[in-house]
Amino acid sequence: MEKGQNLISGNWLNSKSEDIIHLTNPSDGDNFASIPRSDANDIDLAAKSARQAFEKHWSKTPAFERGKYLQKISYKINESIDELAFIESKDTGKPLKQSKVDAQVAARYFEFYAGAADKIHGEVIPSQYGINSFTKREPHGVTGHIIPWNYPLQMGSRTFAASLAAGNCIVIKPAEEACLSVLKIANFALESGLPPDVINIVTGYGEEIGPYLCKHSDIDHVCFTGSPEVGSIVQQNAALNNKSCTMELGGKSPHIVFSDCDLESAMPVILNSIIQNSGQTCSAGSRLLIDENVKEKFLSIFIDKFSKLMVGSAEMDLDMGPLISETQKNRVISFYNKSKDENIPILASGSISKNVSKNGYYVNPVLIGPVPVDSVLAKDEIFGPYLSMIPFSNEEEAISIANGTDYGLTAGVWTKDGSRQMRLANSLKCGQVFINCYGAGGGVEIPFGGMKKSGFGREKGMEGLKELTVCKTIVQKFN
Ligand code: NAD
């Protein structure tokens, strides 16, 4: 059985308690690896290691040197795409082709932030003669990172690379369901010569060690990606020491399809955005808002495409893999049952291959509708391959439905009308609006984050670096 370990001060360690957690392969339910079930002592060691690294040497390391380390890590990832994809697929169940893309995007994060490390600028502010005012952006010091199981490679890399580029030392708590690729990347970092105390990783159950990380006095800022419910707990614990947070939470993102759109190019993108990673994507396009004038034409083709979707194990590399766990499977099935209780018709569903293990966590992708706008199926994040079709009769109604959930992460707008594109982009209450496209292939360079219950703060791009630094103002009087 494979064995993951904590990384503290450059040493791979078991938890002091020697307790472990078994990792399960979602494709067949087998326990194939173990990781430490860490406790408060392990978090304490990791936080102290990061603090010492920051004070002793990392805060004095030139920005371009930080960038060089990141560049080397990106090379290592690029040389190991297949190996990383294999690990990610076994851990998360996602088809190998999807994991390969995740590994390529992970390399791009390190590459992007390698180049950005020495381009974090301040401003000179004009005030009066004899006063020189300027700002500089300084690292927080030590940042804590809590990451989810759905994209360990991508999410681990984006937060890890950006924080080191900004000049912080880090403590990462990956998800207990899937985290081996994050440990592998940390190993690449050590092999690349990154000073070993700069990056520290502690595995374990979120509810057991998460609060210690959030409260720890040696951690200055917390980056959290996960559910809004846990995000709220994280903020409450961080507030006990008045530290800042970045919150990347969930979504219930709409695709808004107008009758003048290019249906041929819209359909595969819309379809992919709900089945990618079996719908377990914060920015999944889980609501299909469709103009009554094109509904029949769109659905006649779309239902056919949807019905051909095939689900299988990660190695089968079909359209969709299993869900991450039994818990997640039961959650998604409970939504299937809710739609039955509400008599919402199933318009299309895919098929699960006959060759999959009975112990894997498989569900069928489903398209349902019309879904009433006040139904939980139109409002709640399901985090599964479940697409809710909601018709609209005019632009105003489309905007109102799109904004009618507690979430505000992303939206896709499908129309050829340039004025309409801009009216929607301005009216939608969400962090990213895609026009005649969706997702932007990982979108390493473009800021990402939510409004409302989807969170606050931004990751990705140069904007992400702002979250990982603080602005210091310096005012100098001269004669
Ligand atoms: P989750 O909130 O249950 O877990 C996320 C992380 O928080 C895990 O590492 C977990 O161990 C940890 N955690 C759990 N309890 C904790 C506590 N009390 N204190 C501190 N940490 C704790 O979420 P999940 O089930 O892993 O992921 C699904 C959710 O994440 C969905 O809502 C999804 O939309 C969201 N998500 C958002 C983004 C984004 O960028 N906006 C990306 C991926 C996932």
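Residues numbered from 1 in each chain as written. Predicted model: local features only at pLDDT ≥ 70, side-chain atom pairs only at ≥ 80, totals over all residues. Heavy atoms only, no water.

**Comments concerning the overall build of the chain**
Here is step 1: Across its full length, the chain carries 15 helices and 25 strands.
Here is step 2: Taken over the C-alpha trace, the chain has a radius of gyration of 23 Å; the compact-globule value for 479 residues is 23 Å, and the two agree within 12%.
Here is step 3: Taking the principal axes of the C-alpha coordinates as reference, the chain spans close to 70 × 65 × 40 Å.
Here is step 4: Counted over contacts in the chain with a minimum sequence separation of 6, partners at least 24 positions apart contribute 75%.
Here is step 5: Roughly 19100 Å² of accessible area belongs to the chain as shown, and the carbon and sulfur atoms make up 50% of that amount.
Here is step 6: Positive and negative side-chain charges of the chain, numbering 48 and 55 respectively, have mean locations separated by a distance of 3 Å. (Helix = DSSP H or I, 4+ residues; strand = E, 2+ residues; numbered from the N terminus. Rg over C-alpha atoms; globule rule 2.2 N^0.38 Å. Contact = heavy atoms within 4.5 Å. Areas by Shrake-Rupley, 256 points an atom, 1.4 Å probe, with all protein chains shown as cover. Lys, Arg positive; Asp, Glu negative; His and termini not counted. Charge placed at Lys NZ, Arg CZ, Asp CG, Glu CD.)

**Section: the packing of helix α7 (residues 206–215) against helix α8 (residues 228–239)**
Here is step 1: Look at α7 against α8: their axes get within 7 Å of each other, and the N-to-C directions meet at 40 degrees. With respect to each other, α7 and α8 are oriented oblique. Like other packed secondary-structure pairs, α7 and α8 cross with a definite hand, here right-handed. Residues Pro 211, Cys 214 and Lys 215 of α7 pack against Val 234, Asn 237 and Ala 238 of α8. (Axes fitted to C-alpha atoms, helices over the stretch in contact; angles between N-to-C directions. Parallel < 35°, antiparallel > 145°, perpendicular 65-115°, else oblique. Left-handed = near helix turned anticlockwise from the far one by under 90°.)

**Remarks on the domain arrangement of the chain**
Here is step 1: Assigned domains within the chain: domain 1 (2–249 + 456–476) and domain 2 (253–442).
Here is step 2: Measuring from the centre of the C-alpha atoms in domain 1 to the corresponding centre in domain 2 gives 30 Å.
Here is step 3: Of the residues lining the interface, 25 residues belong to domain 1; the matching set on domain 2 comes to 28 residues.
Here is step 4: With both chains or domains summed, domain 1 and domain 2 bury close to 2100 Å², and 53% of this area falls on carbon and sulfur atoms.
Here is step 5: Where domain 1 packs against domain 2, one counts 12 residue pairs in polar contact (both at pLDDT 80 or more).
Here is step 6: Looking at the side of domain 1 that touches domain 2, the elements that each hand over two or more residues are α3 (81–92) and α4 (96–116).
Here is step 7: Of the residues that constitute the side of domain 1 that touches domain 2, the class distribution is 10 nonpolar, eight polar and seven charged. (Domains from an automatic or database assignment. Buried area = accessible area lost by both parts, 1.4 Å probe. Polar contact = N/O pair within 3.5 Å; in protein donor to acceptor, adjacent residues only side chain to side chain. Nonpolar A, V, L, I, M, F, W, Y, C, P; charged D, E, K, R; others polar.)

**Quick notes on the pattern of salt bridges**
Here is step 1: A full pass over the atoms with the stated rule returns 21 salt bridges.
Here is step 2: The shortest N-O distance in the salt bridge between Glu 176 and Lys 173 comes to 3.5 Å. Here the two residues Glu 176 and Lys 173 agree in accessibility, since each one is buried.
Here is step 3: Sharing partners across several salt bridges, the network here consists of Arg 51, Glu 55, Asp 218 and Asp 220. (Salt bridge = Lys/Arg side-chain N within 4 Å of Asp/Glu carboxyl O. Buried < 20%, exposed > 50% of the residue type's maximum accessible area, 1.4 Å probe, protein only.)

**Concerning helix α1 (residues 40–56)**
Here is step 1: Helix length check: α1, at 17 residues, gives a terminal C-alpha distance of 24 Å against a target of 24 Å (1.5 Å per residue), a fit within 8%.
Here is step 2: Burial in α1 covers these residues: Asp 42, Ile 43, Ala 46, Ala 47, Ser 49, Ala 50, Arg 51, Ala 53 and Phe 54.
Here is step 3: N-cap assignment for α1: the residue whose side-chain oxygen lies 3.0 Å from the backbone N of Asn 41 is Asp 39. (Expected span 1.5 Å × (residues − 1).)

**Observations concerning the sheet that holds strand β4 (residues 20–24)**
Here is step 1: Read from one edge of the open sheet, three strands run β1-β5-β4, paired in mixed fashion. Strands with a single pairing partner mark the edges of an open sheet, and in this sheet they are β1 (2–3) and β4.
Here is step 2: In terms of strand pairing, β4 meets strand β5 (residues 31–36) through five bridges, oriented antiparallel. The residue bridging Ile 21 from the neighbouring strand is Ile 35, located in β5.
Here is step 3: In the packing of α3 onto the sheet, the strands contacted are β1, β4 and β5, and the crossing angle to β4 comes to about 100 degrees. (Pairing = 2+ DSSP bridges.)

**Thoughts on the nonpolar core**
Here is step 1: Counting residues in hydrophobic clusters, the biggest one holds 76 residues, and the most contacted among them are Ile 77, Tyr 113 and Phe 160.
Here is step 2: Of the residues forming this core, the biggest block, 10 residues, is contributed by α4.
Here is step 3: When residues no more than four places from it in sequence are discounted, the contact partners of Phe 160 are Phe 110, Ile 170, Ile 172, Ile 185, Ala 186, Ala 189 and Ile 199.
Here is step 4: Core analysis: the second largest hydrophobic core is formed by 28 residues, Phe 335, Tyr 336, Ile 368 and Phe 392 among them. (Core = buried A, V, L, I, M, F, W, Y, C linked by side-chain atoms within 4.5 Å.)

**Looking at the packing of aromatic side chains**
Here is step 1: On inspection of all chains with the given rule, the structure shows 10 aromatic pairs.
Here is step 2: Arranged with centres 5.2 Å apart and planes meeting at 80 degrees, the rings of Phe 110 and Phe 160 form a pair that is edge-to-face. Here Phe 110 is found in helix α4, whereas its partner Phe 160 is found in helix α5 (residues 152–166), with 50 residues between them in sequence. A single burial state applies to Phe 110 and to Phe 160, both of which are buried.
Here is step 3: When the ring centre of Tyr 212 is taken as origin, the NZ or CZ atom of Lys 215, which lies over that ring, is 6.0 Å away.
Here is step 4: Looking at Lys 460, its charged tip hangs above the ring of Phe 448, at a distance of 4.7 Å from the centre. (Phe/Tyr/Trp six-rings, centres within 6.5 Å; stacked < 30°, edge-to-face > 60°. Lys NZ or Arg CZ within 6 Å of the ring centre and 35° of its normal.)

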